[in-house]
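Listed below, chain by chain, are the residues.
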Amino acid sequence: MKIQFTLNNKEIEVDVPPEKRLVNILREDLNCLSVKKSCLRGQCGICSVIMDNNLVYSCLIPAFFVAGSQIMTLEGLMETKEYSALSKGFEDASCRLCHSCIGSRYLAAFILLERSTRPSLEEIKQETNGIHCQCIDKNSLYRAIQTASRKRERKFRVRKV
Amino acid sequence: MSEKYKSSNIYLPGNLPDLLSALKAHPEALIFNGGTALMAAQPQFIHLPVDVISISGIRELQRITRTERYMEVGCGVTISKILEVGRHILPKALYTALQLIGTPQIRNQATVIGNICTPGRIYNAYPVMLLLDVRAEIRRQGGSRWIPISRLYNPDGTLSISPGEFLSRIRVPYERWTSECYQILGSSALDGALIFCGLTRLQKEFINETRLIFLFQGQNLLRDKEIENFLNGKKVPLSGKDKKICLEYIQNSISSQEWPIDRFEKERVLLILRDYLSQLYPEE
């Protein structure tokens with residue numbers, strides 16, 4: 001089945017079985033290796049990607065469901081203006097994520113900061129509770145996102161001036 | 001691990017008339033909404049039915065309509081969308097139930113219709129919707145009908161939606177309740193979880209109406225009309241004697257069920273009910 005969608009702002013067409021999971025399409029057909037594959041049950045969260053401005057588990061999405069959608073992975077996020085503030089924020093908070101979860105956690109932080117410039121701790125906890133990786137403690141993650149939000153806000157404020 | 005694909009016929013209608021035509025041509029087709037439960041249950045190999053109709057591209061089914069008396073939610077509306085729109089207007093118990101479904105990623109993909117329409121398993125939102133007298137529109141080419149959520153399932157657990165039909169939207173009435181409670185005790189994945197929902201309307205210091213329901217391990221519902229009738233007209237706060245009678249009613253109700261409930265589960269039920277009844281106070 002030919003499926004057309006937008007990946008990281010580029011129009012893509014793939015010919016895959018309609019039941020093929022999005023995580024497999026991204027990794028095997030489109031070489032987006034930042035998207036990791038693990039539980040395939042929508043539990044671990046490390047396969048998270050942004051689809052139509054919402055964070056979703058790519059392991060729960062069959063190919064036919066993607067038709068016409070806009071997908072963003074870490075590769076796409078790295079090409080945005082917001083990425084530098086995000087990664088600097090994590091760096092300044094000394095929050096080093098592992099290779100398994102870095103893609104999904106950065107995307108979760110990005111989508112959260114797109115919605116709310118200064119998310120509350122409760123909002124941060126809620127938005128990140130769908131990704132389970134033991135590489136860091138959660139408080140470090142929350143601090144990193146708060147630091148990133150301040151950097152991002154400062155960057156946009158400077159731009160407006 | 002590799003996945004084996006046994007390709008199904010996938011239909012992607014772009015509008016409602018096309019969907020109804022596709023459904024008429026393939027009445028046994030699976031209507032694919034969010035698909036989270038279906039996909040999560042198949043981590044090894046994905047097996048879809050022969051015919052699948054995906055409604056993700058149909059805008060008419062992704063609408064939320066509000067009137068003075070109710071809110072209508074299309075079957076393509078995600079749970080996160082309902083939470084966003086219904087933050088201040090949905091009944092609190094239903095809002096809580098929806099908030100507790102999965103994670104943000106699940107809520108961004110799953111639909112509330114899928115949550116109440118999965119045979120073999122009762123998920124979070126169904127017990128609350130039963131108490132709220134939510135109605136569902138069942139649609140087919142050439143007509144539609146509205147049924148209460150309580151008639152969505154046959155006594156044998158199968159859906160009462162015939163081939164060629166699909167659940168297109170639900171209608172949630174706005175009713176003011178003085179006390180609303182929704183609790184999940186146990187595993188957040190629902191296996192082994194006990195869910196309780198209680199709604200009470202007070203008039204000054206008397207109970208005007210109360211509705212209570214328990215869901216055991218995603219399989220069995222318990223709603224005792226005797227307790228509800230007994231409580232109607234009672235003065236709050238309830239006396240120790242009234243609470244004791246209610247607990248006896250629920251114990252009798254539990255004993256008369258065909259499915260087994262262990263002692264631990266019974267104690268949890270009594271604890272929740274006692275707590276709920278104890279927190280009923282007159283409106284200020």
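As a starting point, this report considers the structure included with it. A quick note: this is a predicted structure, and the numbers were derived from the prediction, not measured.

Let us now look at the overall build of chain B. Along its length, chain B carries 10 helices and 12 strands. Taking 2.2 N^0.38 as the reference for a compact globule, 284 residues should give roughly 19 Å; the C-alpha atoms of chain B span a radius of gyration of 20 Å, in line with that estimate. Viewed in the frame of its principal axes, chain B has a C-alpha envelope of about 60 × 45 × 35 Å. Within chain B, buried positions represent 50% of all 284 residues. Contacts spanning at least 24 positions in sequence make up 61% of the contacts within chain B whose residues lie at least 6 apart. Counting only carbon and sulfur atoms, one obtains 48% of the accessible surface of chain B, whose full area is about 13,700 Å². Charge separation in chain B, taken as the distance between the mean sites of 34 positive and 29 negative side-chain charges, equals 3 Å.

Scanning chain A from terminus to terminus reveals seven helices and five strands. When the elements of chain A are put in sequence order from the N terminus, they spell out β-β-α-β-β-α-β-α-α-α-α-α. For chain A, the C-alpha radius of gyration of 16 Å lies close to 15 Å, the compact-globule estimate for 161 residues. Dimensions of chain A along its principal axes, counting C-alpha atoms only, are 45 × 40 × 25 Å. Nonlocal contacts in chain A, meaning residues at least 24 apart in sequence, comprise 59% of its contacts between residues at least 6 apart. Of note, chain A has its 25 positive side-chain charges centred 7 Å away from the centre of its 18 negative side-chain charges.

Counting from both sides, the interface comprises 29 residues of chain A and, opposite them, 30 residues of chain B. For the pair chain A and chain B, the summed buried surface comes to about 2,500 Å²; carbon and sulfur atoms form 60% of the total. Our count for the chain A to chain B interface comes out at zero salt bridges. Where chain A meets chain B, there are six residue pairs in polar contact (both at pLDDT 80 or more). Looking at the side of chain A that touches chain B, the elements with two or more residues in it are strand E4 (54–57), helix H2 (63–66) and helix H6 (121–128) of chain A.

A few words on the sheet that holds strand E11 (residues 206–216) of chain B. Residues and elements named next belong to chain B. Reading across the sheet, the four strands line up as E9-E10-E11-E12 and stay open at both edges, with antiparallel pairing between neighbours. Single-partner strands in this sheet number two, and they are strand E9 (179–185) and strand E12 (220–222). Between one strand and the next, the sheet's axes are offset by a mean angle of 10°, whatever the strand orientation. As defined by bridge partners, E11 adjoins E12 across three bridges and the pair is classed as antiparallel. Looking across to E12, one finds that Phe214 is bridged to Leu222. Against the sheet, helix H4 (residues 92–99) touches E9 and strand E10 (194–203), its axis set at about 20° to E9.

For the bond running from Val236 of chain B to Pro237 of chain B, omega is 0°, close enough to zero to count as cis. Its place among the elements puts Pro237 of chain B in the loop between helix H8 (225–231) and helix H9 (240–255). The phi torsion at Leu40 of chain A lies on the positive side, around 60°, for a residue other than glycine. On the secondary structure map, Leu40 of chain A appears in the loop between helix H1 (22–29) and strand E3 (48–51).

Residue and element names in this part refer to chain A. Overall, mixed pairing links the five strands, which are arranged E2-E1-E5-E3-E4 in an open sheet. Lying at the two open borders of the sheet, with one neighbouring strand each, are strand E2 (10–15) and E4. The mean inter-strand angle of the sheet, taken between neighbouring strand axes irrespective of direction, is 40°. Bridge analysis of E3 against strand E5 (residues 70–72) gives two bridges, and the strand direction is antiparallel. Considered in E5, the bridge of Ile50 is made with Met72.

Right, let's talk about the pattern of salt bridges for a bit. With the rule as written, the count across this model stands at 22 salt bridges over all chains. When salt bridges with common partners are traced through the structure, they connect Asp133, Glu175, Arg201, Glu209 and Arg211 of chain B into a single cluster.

Moving on, we come to the packing of H9 of chain B against helix H10 (residues 263–278) of chain B. Residue and element names in this part refer to chain B. Where H9 contacts H10, the two axes come as close as 10 Å, and the packing angle between them is 150°. In terms of orientation, H9 lies roughly antiparallel with respect to H10. Remark: the crossing between H9 and H10 carries right-handed chirality. Contacts between H9 and H10 involve Lys243, Cys246, Leu247, Ile250, Gln251 and Ile254 from the former and Lys266, Val269, Leu270, Leu273, Arg274, Leu277 and Ser278 from the latter. Here the contact of H9 with H10 is composed, by residue class, of eight nonpolar, two polar and three charged.

The rules behind these values
Residues numbered from 1 in each chain as written. Chains lettered and ligands numbered in written order. Predicted model: local features only at pLDDT ≥ 70, side-chain atom pairs only at ≥ 80, totals over all residues. Heavy atoms only, no water. Helix = DSSP H or I, 4+ residues; strand = E, 2+ residues; numbered from the N terminus. Rg over C-alpha atoms; globule rule 2.2 N^0.38 Å. Buried < 20%, exposed > 50% of the residue type's maximum accessible area, 1.4 Å probe, protein only. Contact = heavy atoms within 4.5 Å. Areas by Shrake-Rupley, 256 points an atom, 1.4 Å probe, with all protein chains shown as cover. Lys, Arg positive; Asp, Glu negative; His and termini not counted. Charge placed at Lys NZ, Arg CZ, Asp CG, Glu CD. Buried area = accessible area lost by both parts, 1.4 Å probe. Salt bridge = Lys/Arg side-chain N within 4 Å of Asp/Glu carboxyl O. Polar contact = N/O pair within 3.5 Å; in protein donor to acceptor, adjacent residues only side chain to side chain. Pairing = 2+ DSSP bridges. Axes fitted to C-alpha atoms, helices over the stretch in contact; angles between N-to-C directions. Parallel < 35°, antiparallel > 145°, perpendicular 65-115°, else oblique. Left-handed = near helix turned anticlockwise from the far one by under 90°. Nonpolar A, V, L, I, M, F, W, Y, C, P; charged D, E, K, R; others polar.

Fair warning: the whole summary comes from geometry, so function is off the table for now.
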